[in-house]
Amino acid sequence: MSAEQNFSNAKFLTVAEVAQVMRVSKMTVYRLVHSGEMPAVRFGRSYRVPEQAVEQYLKGAVVDGHSETA
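Residues numbered from 1 in each chain as written. Predicted model: local features only at pLDDT ≥ 70, side-chain atom pairs only at ≥ 80, totals over all residues. Heavy atoms only, no water.

Looking at an unreviewed UniProt entry, one finds the chain named Excisionase family DNA binding protein, with Pseudarthrobacter oxydans as its source organism.

Here's what the structure looks like:
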C-alpha cells in the first residue's frame, strides 16, 4: 500500500482480529508489522491493519501444493 492511498473506505482490523483470521498468535502479527511485511497504522499504543492488507498477504502466501523436491 502506498502512503498516498485514500483510507476513507478502508476497514481496519485489530492485531487480535488479524491473528484470528490468519490463525496465528498476536505476536506473529506484531512481527509481521514491525518487519514491514504487513502494513499497519498506529493509533496511540495500538496498531490497526487494513483488511485489504491481510487479504493481500494471505494471497501472496498461498502454496500451490506442488513439491519442488520430487
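K.L.:
Please clarify how the packing of aromatic side chains should be interpreted in this entry.
P.N.:
One pair of aromatic rings is described through two measures. These are the centre distance and the angle between the planes. Inspection of the entire model under this criterion finds 2 aromatic pairs. With a centroid separation of 6.4 Å and 90 degrees between ring planes, the pair formed by Phe-12 and Phe-43 is classed as edge-to-face. With a gap of 31 residues between them, Phe-12 in strand 1 (residues 12-14) and Phe-43 in strand 2 (residues 41-43) connect regions that are remote in the sequence. The exposure class of Phe-12 is partly exposed, given its relative accessible area of 25%. Judged by relative accessible area, which is 47%, Phe-43 ranks as partly exposed. (Phe/Tyr/Trp six-rings, centres within 6.5 Å; stacked < 30°, edge-to-face > 60°. Helix = DSSP H or I, 4+ residues; strand = E, 2+ residues; numbered from the N terminus. Buried < 20%, exposed > 50% of the residue type's maximum accessible area, 1.4 Å probe, protein only.)

K.L.:
Whenever I open this one, unusual backbone geometry confuses me. Can you help?
P.N.:
The phi angle of most residues is negative, glycine excepted, and most peptide bonds adopt the trans form. Located in the positive-phi region is Arg-23, a residue other than glycine, with phi close to 55 degrees. Counting through the fold element by element, Arg-23 comes out in the loop between helix 1 (15-22) and helix 2 (26-35). Exposure remark for Arg-23: the relative accessible area of 76% places this residue in the exposed category.

K.L.:
So what exactly am I meant to see when it comes to the packing of helix 1 against helix 3 (residues 51-60) here?
P.N.:
In a packed pair of helices, the relevant descriptors are the angle between the two axes and the axis-to-axis distance. For the pair helix 1 and helix 3, the least separation of the axes is 11 Å and the interaxial angle reads 30 degrees. With respect to helix 3, the element helix 1 is oriented roughly parallel. In this structure, the crossing between helix 1 and helix 3 has a hand that is right-handed. Every residue of helix 3 that contacts helix 1 at Val-18, Val-21 and Met-22 is listed here: Val-54, Tyr-57 and Leu-58. Its residues assigned to classes, the contact of helix 1 with helix 3 shows 6 nonpolar, no polar and no charged. (Axes fitted to C-alpha atoms, helices over the stretch in contact; angles between N-to-C directions. Parallel < 35°, antiparallel > 145°, perpendicular 65-115°, else oblique. Left-handed = near helix turned anticlockwise from the far one by under 90°. Contact = heavy atoms within 4.5 Å. Nonpolar A, V, L, I, M, F, W, Y, C, P; charged D, E, K, R; others polar.)

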